[in-house]
Amino acid sequence: MRRICFLVFFLFSIQFVNSQNFISGNVINKKGQPIVGATIAIKDSYDGAVSDSSGAFKFLHNVEAKDTIIFTAIGYKTYEMQLTTAEMNTTLKIILVEDITEMEAVIVRSAGSFMAGSNKKGVMLSALDIVTTAQNGDVTSALRSLPGAQQVGEQEGLFVRGGTAQETKQYIDGAIVPNPYFKGAENYAQRGRYNPFLFSGTTFSTGGYSALYGDALSSVVLLNTVDLPERPDVGFTISPISLEASTQQIAKNKQASWGVHYGLSFISPYFNILKPRIELFNGPTYHVADANFRIKTKGGIVKFFTSFNNNHSGIREANIDSNYLKNQTLVKNDNLYYNLSWQEQLGLWRLNWSNSLSYNKDNINGEIVNNLNQPERFSANEFWMNSKIFAVLNKETVFQTRVVLERKLKQLDAIRFGAEYNYLNNNLTYRATPSRLRENAQALFAEMDKYFSNKLAVVLGARAEYSSIINKINLAPRASIVYKVGKAQQATFAYGLFYQKPENSQLIINNNLDYLRAHHYLLNYIKSSSKQLFRIEAYYKTYENLIKTTLANGQQGYNNSGSGYARGIDVFWKDKKSIPLFEYWISYSYLDTKRNFANYTDLLRPSFATPHTASLVIKKFFLPIKTQINLTYSFATGRPYYYFQPHANGYTLKDQGKTITYNNLGLSFNYVPFVGNEHKKARLIWVATISNLLNSKQIYGYNYAYSGLTKQPILPATRQFFFLGLFINIGTDRTQQIINDNL
Amino acid sequence: MPTEEYQSAKLRRSVHRSEILSSKKFKLKTKSIQMKKATLLLMAITATMLSFAQSAKYVEAMKANLTLLDSAKTTADFNAATASFERIGNAEKTVWLPYYYAALAQIRMAFTDQSADKDVLAKKINEFILKGEAINKNAEFYTLRYMNATLQLMVNPMERWQTFGAEAETAFQKGVKMDANNPRLYYLKGLSVLNTPEQFGGGINNARPLFEKVIALAKNANNTDALLPTWGGEEAQQVLKQIDGK
């Protein structure tokens, strides 16, 4: 029994009698700098400390034989060591090794791109910034306020860094959108088909984009649709030019949702009031119907989006070659688009499977009519008149499937690879002559991100593409290197080779054309804080194999003999700090570009490019008047214009000049009468928009008479545009969303 | 005699066959087995005493840390309190309160330190919440989730309210579903309402009933465990006093 008592006493003695030792030391990094706030803990004990401003720590601990001491600090790798009795009485010197973390590391893929979306690092704009800057519900108009894009008013699309609109491709959830814009008459730009609220993330690459994408010489726009909506919703829009209704419903378990939307825009009554300088005899009318569903899976999501669009418009405007004749154009467009994507975590791999199927039909009729609007006919030698009398029926089916597999490696390193398959069937009937283009195209691509430290990272990628028409494999390497030059500052150098197939209309005439090719070199510097961002990027681009238009005995043809270059500087400054509750950004682009392409007779500054472009965007919500005011001002120096007179075997540069500078001040007011009143079942928002508030004269270029002796300016249909709309939402609060729609 | 002990006795007997040849020795052995039983019993008592001792140690350490947390002013103070709670949590493994307080200390620091990177801290706070919830998922963690969402919202309210405002609201609703009488949930909600402009459904008049509810709930709260969180009631009284003082 005595032995037992002794045992009990002994056990208690461990608890209370054993002497305590001081454990002390310093925590430093590889450079010998103290690490402040590192935590030091003895495993499975309460004892430990936090390092002070000199990296020092000291604490009491009952030493046991197998104590493990653990050091942790944000941004460093955790370090564990066995504590030996010898170390108890010395001052420990602990060197922690830097850990590569998302918070500390440089941001790859930031050169050449603007990311908008969630709160992810490297994002420069919010999804809200895109919708609040978008005019007429067009994402592209918001992107035009960013540096690198030109202010081209007479054509839809994005003209990026000396590239044509065709050199920018759009993707939704990873799959191509072959026809992102409505179709209109020549020189009248159309808006994008898709509502900005469909998207939660937008990446606008102005150059040097990832090897995951191809077939675009200048730029890609990557749009990601929203995942599951947060609340069910029913909405209506009423304005003098449009009616819309939509609903979005969510399953009870919040794992799935569906939505439908229909919109009708009819602009003619409105134009009748504004008295445009052109005569409208049909429309313009736009029908938009879309539907979607989204299903959450175990480790991902399946998204489906489909839209059917139809638009038609008929215009008449003065024919420049005569005093009383008019050019008449009737355009009808049907567009059907399906997009199905599946993102899933499959073990260590992230799968991204994107599919799109698109059917587009353009039906365009050109006539020359007299003042009674009866068609006129001309003799064969008046070919410049005959060229305006035509009928085009263009039916295009495009299918794309893309698989991308991504695997995160240690720290932030990652590899990605995948493949895509494209099918094209294009039936073109031009002046009753049918022709057909069929193509199968494949691509393989791979990319890896490698971080050497928080300060240095590289991205290496490559892409191989094959088109059954061109019957050649091309190989496009892409690379970038990022270095942290200071606190919240980084510099990137990027290089890439980019290929693009000639346009379908060109391949139909000459199927011996080769890929167009461009090299991009970018040097980018970014300094950012949570409320301010400064970005400057210099670039140099070379263009090879551009398509040139030839004339041989009056017959039009194409070859790959074109070339060009573009170089410039893009500056972007966004500030939410200097003036409280006031947000603005400024963009400036300098562009020096020349190209010899299309019917150009020499290396010339293209008619869509100007040396200086600038934008200012301001947003402010005025609470006392319950109104948000958004302002966008755009400026561009004059653009060159040319007249290349056609003759039997080529073109001659007959005349050239430069347009006046471009100014556009847009203003929008969003009045929310019941803001914040959660008890109201229906919510109303009044939206008033004015484009070109200062009524500045805007000239986009000139049309020439065949002789080249007279010209007429290319102008917008109306100089100003006014919009007043009422948005009604029932059931849920989407107030803020609608405030932000429509500038 | 339990079979097991009998078996072991038999085994021992066979091993030390020479020792247990005589029946006297065998009797002695049986006595030694009874002794062993007593030893086991005593050891069990000791172990219980030890665990009591450990629990006392836990309570003592927690109380000391709570004092530290209540008096914390600087970032270093809060970090020290967090680290200390984290060590207790890691050592104990089966109690949720240390992780709860580790997170709470970080949240208080994040709200006071203007220069702190809120997104980095939010990530750290969330780790504590997840560790604590793995042990015992309760409404208190929803108060932390609410504050953590608010913390991230404050970085850029205009842009973030849609995500983090919704996240805070979800935390409030889930918390209330779990414990409709938790005063801290209503206190946090009251603060949010108070700080929301009247035009958006906020303001003093909308917040007052919430704070009054907090005070009533806090009075009725019957905390048997001194370590459980009690904040909210006093703070609500302070807020109401300030409002009425204006």
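(A) The arrangement of the overall build of chain A in detail. Helices and strands together make up the secondary structure of chain A, namely eight helices and 39 strands. On the principal axes, the C-alpha backbone points of chain A span a range of 130 × 60 × 45 Å. Here chain A, with 743 residues, has 53% of them falling under the buried criterion. Intrachain contacts of chain A at a sequence separation of at least 6 include 62% that bridge at least 24 residues. Of note, chain A has its 77 positive side-chain charges centred 2 Å away from the centre of its 54 negative side-chain charges.

(B) How the structure looks around the side chain of K169(A). Residues and elements named next belong to chain A. For K169, the position within the fold is in strand β10 (residues 168-172). Looking at K169, the relative accessible area reads 18%, which means it is buried. Of note is the side chain of K169, whose polar atom sits 2.7 Å from the backbone oxygen of D215. Contact partners of K169, with chain neighbours within four places excluded, come to I176, D215, A216, S219, V220, V221 and Q500.

(C) A look at the packing of aromatic side chains. All names here are of chain A. For the structure shown, the criterion picks out 39 aromatic pairs over all chains. Note on W384 and Y706: the rings are 4.2 Å apart at their centroids and 5° apart in plane angle, and the pair reads as stacked. You can see W384 sitting in helix α6 (residues 383-386) and its partner Y706 sitting in the loop between β37 (701-704) and β38 (711-714), a full 322 residues away along the chain. Overall, W384 belongs to the partly exposed group, its relative accessible area being 25%.

(D) Fine view of the side chain of D592(A). Residues and elements named next belong to chain A. Along the chain, the position of D592 falls in strand β30 (residues 583-596). Judged by relative accessible area, which is 15%, D592 ranks as buried. For D592, the side chain forms a polar contact with the side chain of Y565, separated by 3.5 Å. Contact partners of D592, with chain neighbours within four places excluded, come to Y565, A566, R567 and R605.

(E) Broad picture of a nonpolar patch on the surface. All names here are of chain A. On the surface, a nonpolar cluster with roughly 430 Å² of combined accessible area is contributed by W258, V260, F293, I295 and L340. Breaking the nonpolar patch down by element, the ones donating at least two residues are β16 (256-266) and β17 (279-296). Positionally, V260 belongs in strand β16.

(F) Fine view of the sheet that holds strand β4 (residues 56-61) of chain A. All names here are of chain A. Read from one edge to the other, the open sheet built from three strands follows the order β4-β1-β7, with strand pairing classed as mixed. Since the sheet does not close on itself, it has two edges, and those belong to β4 and β7 (91-96), each with one partner. Taking each pair of neighbouring strands and ignoring which way they run, the sheet shows an average axis angle of 30°. Examined bridge by bridge, strand β1 (residues 21-29) and β7 share six bridges and lie parallel to one another. The residue of β7 that forms the bridge with I28 is I95.

(G) Representation of helix α10 (residues 233-245) of chain B in the model. All names here are of chain B. Taking 1.5 Å per residue, 13 residues should reach 18 Å; α10 reaches 18 Å between its end C-alpha atoms and fits that length. For α10, every residue scored as buried is listed here: G233, A236, V239, L240 and I243. All buried residues of α10 lie within an arc of 120° about the axis, which places them on one face of the element. Summarising the geometry of α10, the exposed residues directed more than 90 degrees from the buried face are E234, K241, Q242 and G245. On its buried side, α10 packs onto α8 (183-195) and α9 (204-220).

(H) Here's a closer look at the packing of helix α6 (residues 139-155) of chain B against α8(B). Residues and elements named next belong to chain B. Between α6 and α8, the shortest axis-to-axis distance is 9 Å and the interhelical angle comes to 20°. Between α6 and α8, the angle is such that the two are roughly parallel. Along this stretch, α6 crosses α8, giving a crossing that reads as left-handed. Seen from α6, the contacting residues are A139, E140, Y142, T143, Y146 and M147; seen from α8, they are R184, L185, L188, K189 and S192.

(I) Representation of the nonpolar core within the structure. All names here are of chain B. Residues Y100, Y101 and L144 are the most contacted members of the largest nonpolar core, which totals 58 residues. With 11 residues, helix α4 (residues 97-112) is the single largest residue contributor to this core. Ignoring sequence-local partners within four residues, the contact set of L144 consists of Y100, A103, L104, I107 and I129.

(J) Local environment of the environment of N454(A). Residues and elements named next belong to chain A. Of note, N454 is situated in the loop between β23 (433-451) and β24 (456-467). On the basis of relative accessible area, N454 is assigned to the buried category, the value being 3%. For the pair N454 and T101, spaced 353 residues apart in sequence, the C-alpha to C-alpha distance is 7.0 Å. Those residues in contact with N454 that sit more than four places away from it in its chain are E98, D99, I100, T101, E104, A105, V106 and K484. Among the polar contacts listed, one links the side chain of N454 to the backbone oxygen of D99, at a separation of 2.9 Å.

(K) The arrangement of the sheet that holds strand β2 (residues 39-42) of chain A in detail. If you walk across this open sheet you meet the four strands as β3-β2-β5-β6 (chain A), and the pairing is antiparallel. Strand pairing shows two members of the sheet lacking a second neighbour, β3 (48-50) and β6 (79-82) of chain A, which therefore form its edges. If you compare each strand with its neighbour and ignore which way they point, the axes differ by 15° on average. Judged from the three bridges that link them, β2(A) and β3(A) form a sheet pairing that is antiparallel. Paired with T39(A) across the two strands is V50(A), which belongs to β3(A). Against the sheet, helix α3 (residues 75-92) of chain B makes contact with β2 and β3 of chain A, and its axis sits at roughly 155° relative to β3(A), the strand it touches most.

Procedures and definitions
- Residues numbered from 1 in each chain as written.
- Chains lettered and ligands numbered in written order.
- Predicted model: local features only at pLDDT ≥ 70, side-chain atom pairs only at ≥ 80, totals over all residues.
- Heavy atoms only, no water.
- Helix = DSSP H or I, 4+ residues; strand = E, 2+ residues; numbered from the N terminus.
- Buried < 20%, exposed > 50% of the residue type's maximum accessible area, 1.4 Å probe, protein only.
- Contact = heavy atoms within 4.5 Å.
- Lys, Arg positive; Asp, Glu negative; His and termini not counted.
- Charge placed at Lys NZ, Arg CZ, Asp CG, Glu CD.
- Polar contact = N/O pair within 3.5 Å; in protein donor to acceptor, adjacent residues only side chain to side chain.
- Phe/Tyr/Trp six-rings, centres within 6.5 Å; stacked < 30°, edge-to-face > 60°.
- Patch = residues over 30% accessible without salt bridge, like charges linked within 9 Å, V, L, I, M, F, W, Y side chains within 5 Å.
- Areas by Shrake-Rupley, 256 points an atom, 1.4 Å probe, with all protein chains shown as cover.
- Salt bridge = Lys/Arg side-chain N within 4 Å of Asp/Glu carboxyl O.
- Pairing = 2+ DSSP bridges.
- Axes fitted to C-alpha atoms, helices over the stretch in contact; angles between N-to-C directions.
- Expected span 1.5 Å × (residues − 1).
- Arc of directions from axis to C-beta.
- Parallel < 35°, antiparallel > 145°, perpendicular 65-115°, else oblique.
- Left-handed = near helix turned anticlockwise from the far one by under 90°.
- Core = buried A, V, L, I, M, F, W, Y, C linked by side-chain atoms within 4.5 Å.

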